[in-house]
Amino acid sequence: MSRMMPRLFASEHAEAGGSEPGQADGRPDQHKRPSSRSTPAAEHPSSPIPVMGDGAGLGSSIRRSLGQTDLSVFPVALGTSVFGWTAPVDASAAILNRYYDFGGNFIDTADSYSAGRSEHIIGQWMSRRKNRDNIVIATKIGNHPDNPGLGPVSMVRAVEASLERLQTGHIDLLYFHLDDRSVPLEDSLGTAQWLIESGKVRYLAASNFSAERLVEARILSAAGYPRFEALETHYSLMHRQPFEGDLGLVSRGQGLGVMPYFALENGFLTGKYRSKSDLDGSARGARVARHLNRGGLRVLHALDDVAAEHNAPVASIALAWLQAKSGIVAPVVSASLPEQVDALVASPAIRLTRGQLVELERAARV
């Protein structure tokens, strides 16, 4: 157990599968909170209240509403792009167990991740844990080579294939993985309407859409087409400008739940990479290398300072900054090892002060 295991408030304000402890329904036994007499005074006004035990299941009390839907999700979505790729089956199951046993319930995947292997691993895991009703599944279509684009036939085939791999009867949140300009948007939305009416999909979302196309989609929704309820887009301390312009204005105006991806910039914002000697020559290392400059190190130094004040991992602070932004529901973050999950699920318990937010944003100026 990591020394920095998550500590939680009593409530949320608004990257080898082992044993699976818990009760018969797959949920872990509840842990009692210490009395106020046994809880040490917080050293910082925004410090979370410590919790005795390993924290298992305590995250189930932390939920945020997703857009204008009835979906209620943990404020960190577990990204699964590494499942079946850099994370083999056993490691993927252990990551899922760690996230779920803490109380996480929001799993983000795509039909194109490892050519569908990611969805297959998630489906097998949910079948073993018998926890489908406790999970919010978000998946994306449009990029799988067998069912490319957002034409009606490809969309229906893609959803049917995802349902089979996920071993479920419905997808909670279906993303258009890309803006397919080769197909009229009303055709794609019309197909999505049929998928919703048939019970195969509950809600619709957009990934990598521009502000202008979101406005066009909203106009079509006024004519009876289904509306986008969420947006997945690249947003982090190191990548602010695109979202903090028109895209952020439109998403807030439409009441979209925003899920930032690359929230930790391929691991750079975990603080693991401080110099070129830390890079491993992989594709991820090449992506991280572009941040190893004066600006990137300035951001890491600011994160270090705030992390020290909270006695928290650097990654938790980077995610807490996102979670403090208006309209952000849940950053999408992956883990390659189960022990990496701890820093991710710790972030919702961290309340950054106004001064800390200013410090981070000054270091990460647009």
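Presented here is a report on the structure given in the accompanying data block. For clarity, every value in this text was computed on a predicted model and none was experimentally measured.

A word on helix α5 (residues 211-222)
Relative to the 16 Å expected for twelve residues at 1.5 Å per residue, α5 spans 17 Å between its end C-alpha atoms, a close match to the ideal helical length. For α5, the full list of buried residues reads Ala211, Arg213, Leu214, Ala217, Leu220 and Ser221. Downstream of α5 by a residue or two, glycine 224 has a phi angle that is positive, lying close to 110 degrees.

Digging into unusual backbone geometry
With a phi angle near 55 degrees, alanine 115 is a residue other than glycine that sits in the positive phi range. The phi angle at asparagine 266 is positive, at roughly 55 degrees, despite the residue not being glycine. Relative to the helices and strands, asparagine 266 resides in the loop between β9 (257-261) and α7 (283-289). Classification of asparagine 266 as buried rests on a relative accessible area of 8%.

With respect to the pairing of strand β7 (residues 201-207)
The buried fraction of β7 is high, at six of seven residues. Across five bridges, strand β6 (residues 171-176) lies against β7 in parallel orientation. Considered in β7, the bridge of leucine 174 is made with leucine 204. Each parallel crossover has a hand, and for β6 linked through helix α4 (residues 185-197) to β7 it is right-handed.

Quick notes on the packing of aromatic side chains
Evaluation of the coordinates by the stated rule reveals nine aromatic pairs. Judged by centre distance (5.6 Å) and plane angle (85 degrees), the ring pair of tyrosine 100 and tryptophan 125 falls under edge-to-face. Separated by 25 residues along the polypeptide, tyrosine 100 in helix α1 (residues 89-102) and tryptophan 125 in helix α2 (residues 117-129) bring together distant segments of the chain. Summarising the burial analysis for this pair, tyrosine 100 and tryptophan 125 share the class buried. Pairing phenylalanine 176 with phenylalanine 209 gives two aromatic rings, centres 6.5 Å apart and planes at 40 degrees, and the pair type is tilted.

Some points on the environment of glutamine 356
Note on placement: glutamine 356 falls in helix α11 (residues 354-363). Put simply, glutamine 356 and valine 306 are 50 residues apart on the chain and 6.6 Å apart in space, counted from C-alpha to C-alpha.

Rules of the game
- Residues numbered from 1 in each chain as written.
- Predicted model: local features only at pLDDT ≥ 70, side-chain atom pairs only at ≥ 80, totals over all residues.
- Heavy atoms only, no water.
- Helix = DSSP H or I, 4+ residues; strand = E, 2+ residues; numbered from the N terminus.
- Expected span 1.5 Å × (residues − 1).
- Buried < 20%, exposed > 50% of the residue type's maximum accessible area, 1.4 Å probe, protein only.
- Pairing = 2+ DSSP bridges.
- Right-handed = clockwise from strand over helix to strand, strands pointing away.
- Phe/Tyr/Trp six-rings, centres within 6.5 Å; stacked < 30°, edge-to-face > 60°.

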